[in-house]
Amino acid sequence: MRPFLTAFGVIGVAFAYFEEAAACGCLKYPDTVEKYFAQSDVVFRGRVVSTRWVIARDQDKFELVKSAEFEIQTGEGLKGIPLREGGKQNRFVHVRYWDKDEAACGTPFHLGVRYQVFAEEREGNFYTNFCMGTVLDESPPPWSWKKFEAAAGKE
C-alpha cells in the first residue's frame, strides 16, 4: 500500500506542477502590433548585454526575478526610453522578467541576442512577460521592426 501512496503523491505533485506551468494564457492581451504598442509603456529594439537576479517587490510581497540589460542604438527606442542629460536617449535599458518557460508566461532572454521589446512600467522599473509581445528581432511579419515603426508613426 505504501508504494502506491508514494507513487500517487509523486503523480499529484507532477500534476500540480504541470497545471501551474500550463496556466499561462494571453487572452487579455492584444492581437496586433499597434495594440501592443498602445498598451506598452516602453517599446524598443536592443541586444542583451547582461542578466542578473534581483529582488522585486510586487504589492506586499517580494520575489526573485531576472533583470536584463539591453544596449540600444540611436533610433531603436520607439516609446518610453528614459532620456539622459542633454535630451539624448539612454544607451542602456533594464527590463525585469520571469526566467521561466513560455508555458509559465516567462520570457527567457539570452546574452548577445537582439529582441524587440514591449514592457510596462511598475514602481519605476520596466517589466515584460511572454504575453506582452516581446519577440526575437528577426521575427517574421506581423512582428517585423517596420510594423513597430509604423505603430510609432515613424514610417
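Everything numeric here is computed off the predicted structure, so don't read it as measured data.

Cut-offs and rules
Residues numbered from 1 in each chain as written. Predicted model: local features only at pLDDT ≥ 70, side-chain atom pairs only at ≥ 80, totals over all residues. Heavy atoms only, no water. Phe/Tyr/Trp six-rings, centres within 6.5 Å; stacked < 30°, edge-to-face > 60°. Helix = DSSP H or I, 4+ residues; strand = E, 2+ residues; numbered from the N terminus. Buried < 20%, exposed > 50% of the residue type's maximum accessible area, 1.4 Å probe, protein only. Lys NZ or Arg CZ within 6 Å of the ring centre and 35° of its normal. Patch = residues over 30% accessible without salt bridge, like charges linked within 9 Å, V, L, I, M, F, W, Y side chains within 5 Å. Areas by Shrake-Rupley, 256 points an atom, 1.4 Å probe, with all protein chains shown as cover. Salt bridge = Lys/Arg side-chain N within 4 Å of Asp/Glu carboxyl O. Contact = heavy atoms within 4.5 Å. Core = buried A, V, L, I, M, F, W, Y, C linked by side-chain atoms within 4.5 Å. Polar contact = N/O pair within 3.5 Å; in protein donor to acceptor, adjacent residues only side chain to side chain. Pairing = 2+ DSSP bridges.

**Student:** Please give an account of the packing of aromatic side chains that cites residues and values.
**Tutor:** Evaluated as defined, the whole model comprises six aromatic pairs. On the basis of an interplanar angle of 90 degrees and a centroid distance of 6.3 Å, the ring pair of phenylalanine 70 and tyrosine 115 is categorised as edge-to-face. Taken together, the residues phenylalanine 70 in strand S2 (residues 61–71) and tyrosine 115 in strand S5 (residues 114–122) connect sequence positions 45 residues apart. Like phenylalanine 70, the residue tyrosine 115 is buried in the burial classification. Centre to centre, the rings of tyrosine 97 and phenylalanine 109 are 4.8 Å apart; their planes meet at 80 degrees, and the pair counts as edge-to-face. Remark: phenylalanine 109 occurs in the loop between strand S4 (92–97) and S5 and tyrosine 97 occurs in strand S4; sequence separation between them is twelve residues. Over the face of the ring belonging to phenylalanine 37 we find lysine 79, whose NZ or CZ atom lies 5.0 Å from the ring centre. Its guanidinium or amino end placed over the ring of tyrosine 127, arginine 122 lies 4.1 Å from that ring's centre, counting from NZ or CZ.

**Student:** I'd love a proper account of a nonpolar patch on the surface, names of residues and values included.
**Tutor:** Side chains of Trp53, Ile55, Phe62 and Leu64 sit close together on the surface and give an oily, nonpolar patch of about 510 Å² of accessible area. Elements represented by at least two residues in the nonpolar patch include exactly strand S1 (42–58) and S2. One can find tryptophan 53 in strand S1.

**Student:** Pulling in residues and values, what's your account of the environment of cysteine 26?
**Tutor:** Residue position: cysteine 26 is located in the loop between helix H1 (2–21) and helix H2 (33–39). Its relative accessible area of 31% is what places cysteine 26 among the partly exposed residues. The spatial distance from the C-alpha of cysteine 26 to the C-alpha of phenylalanine 130 is 8.4 Å, given a sequence separation of 104 residues. When residues no more than four places from it in sequence are discounted, the contact partners of cysteine 26 are Phe130 and Cys131.

**Student:** Outline the nonpolar core, supporting the account with residue identities and numerical values.
**Tutor:** In terms of nonpolar packing, the biggest core is built from 15 residues, with Phe44, Phe70, Val93, Val95, Phe109 and Val117 touching the most fellow members. Of all the secondary-structure elements, those providing two or more residues to this core are S1, S2, S4 and S5. Once you skip the residues sitting within four places of it in the chain, phenylalanine 44 turns out to touch Phe70, Ile72, Glu76, Gly77, Leu78, Ile81, Val93, Val95, Tyr115, Gln116, Val117 and Trp145. Membership of the second largest hydrophobic core comes to eight residues, among which are Phe37, Val43, Phe118 and Phe148.

**Student:** Go over the side chain of serine 40 with me, naming the residues and quoting the values.
**Tutor:** Considering the arrangement of structural elements, one finds serine 40 in the loop between H2 and S1. The buried category is assigned to serine 40, whose relative accessible area is 2%. From its side chain, serine 40 meets the backbone oxygen of tyrosine 36 in a polar contact 2.7 Å long. The contact partners of serine 40, leaving out residues within four places of it in the chain, are Lys79, Phe118 and Ala119.

**Student:** Give me the lowdown on the pairing of S4, citing residues and values where you can.
**Tutor:** Here six bridges tie S2 to S4, and the two strands are oriented antiparallel to one another. Within S4, the residue paired with glutamate 69 across the bridge is histidine 94. Bridging between S4 and strand S6 (residues 125–127) involves two bridges; their strand directions are parallel. Across the sheet, residue valine 95 finds its bridge partner in S6, namely phenylalanine 126.

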